[in-house]
Amino acid sequence: DDFRIARISTGRLVSQALKGYSSFFSCKRLGISVSDEDFEVLTDEKWSSYILSQIISNAVKYTPEEGSIEIWSEKDSLETSIFIKNQGKGILPQDIERIFQKGFTSSEDRQGAKSTGYGLYLSKKLSDLLGHSLAVESEPGKYAVFRLTFFNAASNLTKM
């Protein structure tokens, strides 16, 4: 119930979410590419930044040393999306539908004590509560790309 919806730029959301991760990027020698594209969306800044920070945290965790992470935004007439793509082992096909489930960590690598299975679960719940969409696609052994989509005001009005 702690939502405050306002117009906010995708660039600001991304920069808020990246705060505190510079030492992790440096330690793992990760490259980061952040697009200059900046669009305005209607959302709650605190909770959308939380969602993005959870995705960035996972991207850092699962990108191998000297790998890279890409962040960009796209907009069309109905929606605006922020994409976060990381290199690495990706997500197994059988896990794609389960990664947003409460407590799910992986069907293969379960020894990671730092994985609780709550970060993406909470991110998905918050995304749904905000009326946004959180989705993922992956190619195992190559990448995972998460997409947080904000539906433009005009499209929300036509749905009513």
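Higher on the page you've got the structure.
Quantities reported herein were computed from a predicted structural model and do not represent experimental measurements.

Regarding the overall build of the protein
Phase 1 of the analysis: A tally of helices and strands in the protein yields six helices and seven strands.
Phase 2 of the analysis: Start at the N end of the protein and walk to the C end: the helices and strands fall as β-α-α-β-β-α-β-β-α-α-β-β-α.
Phase 3 of the analysis: When each of the 160 residues of the protein is scored for burial, the buried share is 40%.
Phase 4 of the analysis: Summarising the internal contacts of the protein: among those between residues at least 6 apart in sequence, 71% fall at separations of at least 24.
Phase 5 of the analysis: About 9200 Å² of surface is accessible on the protein, with carbon and sulfur atoms providing 51% of the total.

A word on the pattern of salt bridges
Phase 1 of the analysis: This model, assessed by the stated rule, comprises seven salt bridges.
Phase 2 of the analysis: Between Arg12 and Glu45 there is a salt bridge, with its nearest N and O atoms 2.6 Å apart. With Arg12 in helix α1 (residues 10–18) and Glu45 in helix α3 (residues 45–62), this pair connects stretches of sequence that are 33 residues apart.
Phase 3 of the analysis: The class of Arg12 is partly exposed, set by a relative accessible area of 42%.
Phase 4 of the analysis: Notably, a salt bridge pairs Glu66 with Arg29, separated by 3.1 Å at the nearest N-O pair. Pair noted here: Glu66 is in the loop between α3 and β4 (68–75) and Arg29 is in the loop between α2 (22–27) and β2 (31–34), with a separation of 37 residues, a long-range link.
Phase 5 of the analysis: The class of Glu66 is exposed, set by a relative accessible area of 57%.
Phase 6 of the analysis: On the basis of relative accessible area, Arg29 is assigned to the partly exposed category, the value being 46%.

A short note on unusual backbone geometry
Phase 1 of the analysis: Unusually for a residue other than glycine, Arg29 sits at a positive phi of about 55 degrees.
Phase 2 of the analysis: One non-glycine residue, Glu66, adopts positive backbone phi at about 65 degrees.

Considerations on the nonpolar core
Across soluble globular proteins, nonpolar side chains show a tendency to be buried alongside one another.
Phase 1 of the analysis: In terms of nonpolar packing, the biggest core is built from 33 residues, with Phe25, Ile56, Ile69, Ile71, Ile84, Ile99 and Phe146 touching the most fellow members.
Phase 2 of the analysis: If you list the elements that add at least two residues to this core, you get α1, α3, β4, β5 (79–87), α5 (119–130), β6 (133–139) and β7 (143–151).
Phase 3 of the analysis: Element by element, the count of residues in this core is highest for α3, at six residues.
Phase 4 of the analysis: Once residues lying within four places of it in the same chain are set aside, the contact partners of Ile71 are Val14, Leu18, Ile32, Ser33, Val34, Ser35, Ile56, Ile82, Phe83 and Ile84.

Rules used in this analysis
- Residues numbered from 1 in each chain as written.
- Predicted model: local features only at pLDDT ≥ 70, side-chain atom pairs only at ≥ 80, totals over all residues.
- Heavy atoms only, no water.
- Helix = DSSP H or I, 4+ residues; strand = E, 2+ residues; numbered from the N terminus.
- Buried < 20%, exposed > 50% of the residue type's maximum accessible area, 1.4 Å probe, protein only.
- Contact = heavy atoms within 4.5 Å.
- Areas by Shrake-Rupley, 256 points an atom, 1.4 Å probe, with all protein chains shown as cover.
- Salt bridge = Lys/Arg side-chain N within 4 Å of Asp/Glu carboxyl O.
- Core = buried A, V, L, I, M, F, W, Y, C linked by side-chain atoms within 4.5 Å.

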